[in-house]
Amino acid sequence: MHSETAGAPPSILTMSKIEIRKVNTRRELRQFVQFYYDLYRGNEHAVPYLFFDEMATLRRDKNPSFECCEADYFLAFDSEGRVVGRVAAIINHRANERWSVRQVRFGWLDFIDDHDVSRALLDTVASWGRERGMTEMAGPLGFIDTDREGMLVEGFDELSTMYVNYNYAYYPEHIAHYGGFAKDNDYLEYRVTVPDRVPDKFGKLAAMVQQRYDLRVHKFTRRELTTEGWGREVFHLLNATYKDLYGFSELSQRQIDKLVDDYIKIADLNLVTAVMDGERMIGFGITFPSFSRALQKTRDGRLFPLGWWQLLRTLKMHKTDTVDLLLIGVLPEYRQKGANALIFNDLIQQFQHYGFRWAEAMPQMEANEAVRSQWQYLDARQHRRHRCFRKKL
């Protein structure tokens, strides 16, 4: 029995019989999404995801990722008919071809603290994958890299964000108990204090880079990003800069168009920075005010009746002390030239202007020393760790 700590569930049930049912209807899909809110209701560190966004991601008719993926969803029920767990089984054929693997992914994995439940869910994914010729299982992973990845293994008492998975501390214990899984990749996250002044490292390097290489910061207009196609160019650049990262699957044009609609069209453009070499974009930074506290005030991630107002206050009025660093990318040949300094030099000034006190750096691969080393010039604390696991089937 777990103690009532930050990473412990509100209650623990012992199951004797578990039934796994495949999600087939829209009502069952809503039940699948709802389980997360029920499991984490009242947890001060978990952040509800937007309900409509979860539904759209999981629907074949809404998510363009299904052009390269196949998936099924499963719910676990106890002997009294209560939902006690869920999981998605996913095959990203494009990623499998890119990395020369036959891998089934598990994602949206949530369960009460009962090993019969977690085993039944993982067994279901393993069987589903074997039936389709897969030879290994990995996760937690989504359809593509812009979906949430990894299981929380450190930082259970830290406030989460809408962009990462939050889970109770017993989850990784269940993975170990299941057997056969090994660490495949770790993502580290940092909480950064926004400095009162731009650190000399960034300010001086930014000035040198501008002078020596004739690079410049560009702040886009809404028209440039939407009508003139620069929003798409951001994600084409992401394809180029992220192509060698763990499990990456190149974004298609339909996927890019959806990301432009979901993020670029509503972004505060002061918090979006591009670096240009002449008329060519060679780097970008996309940041958003943190929605974590606003989402905790919604009813299970729903915008109505008053959830929309909480998010609008954050997006338009910046009623938060934290900014989320969503995506930062620089072409490889420009990283050694210090192009990152131009991005940070500009964004830190924007953060200061809006009065943000902290920045949440989104997951970075543990092995990516070049990215992680940039935090040494700021007051940064590594406060969360997410892990992807893999096992042979």
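Values in this document were obtained by computation on a predicted structure and should not be read as measured data.

**A look at the overall build of the protein chain**
- The number of helices and strands found in the protein chain is 14 helices and 13 strands.
- Whereas a compact globule of 393 residues would reach a radius of gyration of roughly 21 Å, the protein chain reaches 21 Å, a difference of no more than 12%.
- Seen through its principal axes, the protein chain has C-alpha atoms that stretch 70 × 40 × 35 Å.
- For the protein chain, the proportion of its 393 residues judged to be buried stands at 57%.
- Expressed as a percentage of contacts within the protein chain between residues at least 6 apart in sequence, the contacts between residues at least 24 apart total 78%.
- Carbon and sulfur atoms make up 47% of the accessible area of the protein chain, which amounts to about 17,400 Å² in all.

**What to know about the packing of aromatic side chains**
- Considering all chains together, one arrives at 26 aromatic pairs under this definition.
- Positioned above the aromatic ring of Y49 is the side chain of R148, whose terminal nitrogen or guanidinium carbon lies 3.5 Å from the ring centre.
- Seen from the ring of F51, R302 lies directly overhead, with NZ or CZ sitting 3.8 Å from the centre.

**Description of the pairing of strand β2 (residues 69-77)**
- With eight of its nine residues buried, β2 lies for the most part within the structure.
- Sheet analysis places strand β1 (residues 19-22) next to β2, joined by four bridges and oriented antiparallel. Bridged to E19 within β2 is F77.
- Bridge count for β2 against strand β3 (residues 83-92) is nine bridges, and the pairing is antiparallel. In the sheet register, L75 faces β3, and the bridge partner there is R86.
- Counting the residues that bridge the hairpin from β2 to β3 gives five residues, and of these G81 lies at a positive phi of roughly 85°.

**Observations regarding the confidence of the model for the protein chain**
- Residue-level pLDDT values for the protein chain average 92, and 96% of them are 70 or greater.
- The low-confidence segment residues 1-5 (pLDDT under 50) makes eight contacts with residues lying over four places distant or belonging to another chain.
- Contacts for the low-pLDDT stretch residues 10-15, under 50 throughout, to residues beyond four places or in other chains number 17 contacts.

**Focus: the pattern of salt bridges**
- Here the structure, examined in full by the defined rule, presents 38 salt bridges.
- A salt bridge links D257 to R232; its shortest N-O distance comes to 2.8 Å. Of this pair, D257 sits in helix α9 (residues 253-262) while R232 sits in helix α8 (residues 230-242); the two residues are 25 residues apart in sequence, bridging distant segments of the chain.
- Judged by relative accessible area, which is 39%, R232 ranks as partly exposed.
- A salt bridge links R384 to E360, with the shortest nitrogen-to-oxygen separation between them at 3.1 Å. Here the residue R384 occupies a position in strand β13 (residues 380-392), and E360 occupies one in strand β12 (residues 358-365), the gap between them amounting to 24 residues.

So, how was this worked out
Residues numbered from 1 in each chain as written. Predicted model: local features only at pLDDT ≥ 70, side-chain atom pairs only at ≥ 80, totals over all residues. Heavy atoms only, no water. Helix = DSSP H or I, 4+ residues; strand = E, 2+ residues; numbered from the N terminus. Rg over C-alpha atoms; globule rule 2.2 N^0.38 Å. Buried < 20%, exposed > 50% of the residue type's maximum accessible area, 1.4 Å probe, protein only. Contact = heavy atoms within 4.5 Å. Areas by Shrake-Rupley, 256 points an atom, 1.4 Å probe, with all protein chains shown as cover. Phe/Tyr/Trp six-rings, centres within 6.5 Å; stacked < 30°, edge-to-face > 60°. Lys NZ or Arg CZ within 6 Å of the ring centre and 35° of its normal. Pairing = 2+ DSSP bridges. pLDDT = per-residue confidence, 0-100. Salt bridge = Lys/Arg side-chain N within 4 Å of Asp/Glu carboxyl O.

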